[in-house]
Amino acid sequence: KLQRECGVIYQFRGESFKARNMLTQAGLYAVHQLSLSVSQSDDLDLVHLTTKFQERKQQTSNKDLLGYAENIMFYGSVLMNLEKFSEALECFRFSNVIFQAKYGSDHLTISENLHNTGFILEKMSDSPKSQHQLDEALEQLTEALRIRRLHLVGSHPD
């Protein structure tokens, strides 16, 4: 996870090559943790991810499934920082289903996931035809805020 954070800092500093290198390394780590293979085009294969999840679901405990969902969410955050928004969105949506099944709908992890989903939808809504994405982004972000307000004290910066 530190590689991702270093990549974000390099991006912020305008050091694109270093940022991409660190984020790619973080992505490769996540791919390894998820037992995925990366296609030639570097696109996320959601069918493969789903198949791997179904295999893991039959073989592991709830705690391990949550770890799997956390790895998927981490991979989504790496993809988001690499500006691969469609693939990142798939990761966040996929992991959110697992989190909601295990935690219910008001957990802080779900809030973080919804925040990332809303952020990506907002980034993907550049064209005038994307009003639907912008509306969905606002819904996701509003729900993330509602959940955070349930858990955080009034003086918290969120």
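See the structure printed just above.
A.B. asks: Can you help me understand the environment of L89 in this one?
C.D. replies: You can see L89 is positioned in helix α5 (residues 85-103). Distance from L89 to M124, taken between C-alpha atoms, is 9.9 Å for residues 35 residues apart in sequence. Setting aside residues no more than four positions away along its own chain, L89 makes contact with T117, I120, L121 and M124.

A.B. asks: Teacher, can you tell me more about the pattern of salt bridges here?
C.D. replies: All chains considered together, the criterion is met by six salt bridges. With a shortest N-O distance of 2.7 Å, R13 and E15 are connected by a salt bridge. On the basis of relative accessibility, which here comes to 55%, the residue R13 falls in the exposed class. Measuring nitrogen to oxygen at the nearest pair gives 2.7 Å for the salt bridge that ties R146 to E143. Here E143 and R146 lie together in helix α7 (residues 131-151), a separation of three residues that amounts to about one turn. A relative accessible area of 35% means that R146 is categorised as partly exposed. Salt bridges linked by common partners bring R13, E15 and K18 together as one network.

A.B. asks: Sorry, what's going on with the packing of helix α6 (residues 108-123) against α7 here?
C.D. replies: How two helices pack is summed up by the angle between their axes together with the distance between the axes. Close contact between α6 and α7 brings their axes to 8 Å; oriented N to C, the two are set at 155 degrees. One element, α6, and the other, α7, form an angle in the roughly antiparallel class. As α6 runs across α7, the sense of the crossing is left-handed. In this structure, α6 uses L108, I110, S111, E112, L114, H115, T117, G118, F119, L121 and E122 to contact α7, whose residues at the interface are Q133, L134, E136, A137, Q140, L141, E143, A144, I147, R148 and H151. When its residues are assigned to classes, the contact of α6 with α7 shows 10 nonpolar, seven polar and five charged.

Conventions adopted
Residues numbered from 1 in each chain as written. Predicted model: local features only at pLDDT ≥ 70, side-chain atom pairs only at ≥ 80, totals over all residues. Heavy atoms only, no water. Helix = DSSP H or I, 4+ residues; strand = E, 2+ residues; numbered from the N terminus. Contact = heavy atoms within 4.5 Å. Salt bridge = Lys/Arg side-chain N within 4 Å of Asp/Glu carboxyl O. Buried < 20%, exposed > 50% of the residue type's maximum accessible area, 1.4 Å probe, protein only. Axes fitted to C-alpha atoms, helices over the stretch in contact; angles between N-to-C directions. Parallel < 35°, antiparallel > 145°, perpendicular 65-115°, else oblique. Left-handed = near helix turned anticlockwise from the far one by under 90°. Nonpolar A, V, L, I, M, F, W, Y, C, P; charged D, E, K, R; others polar.

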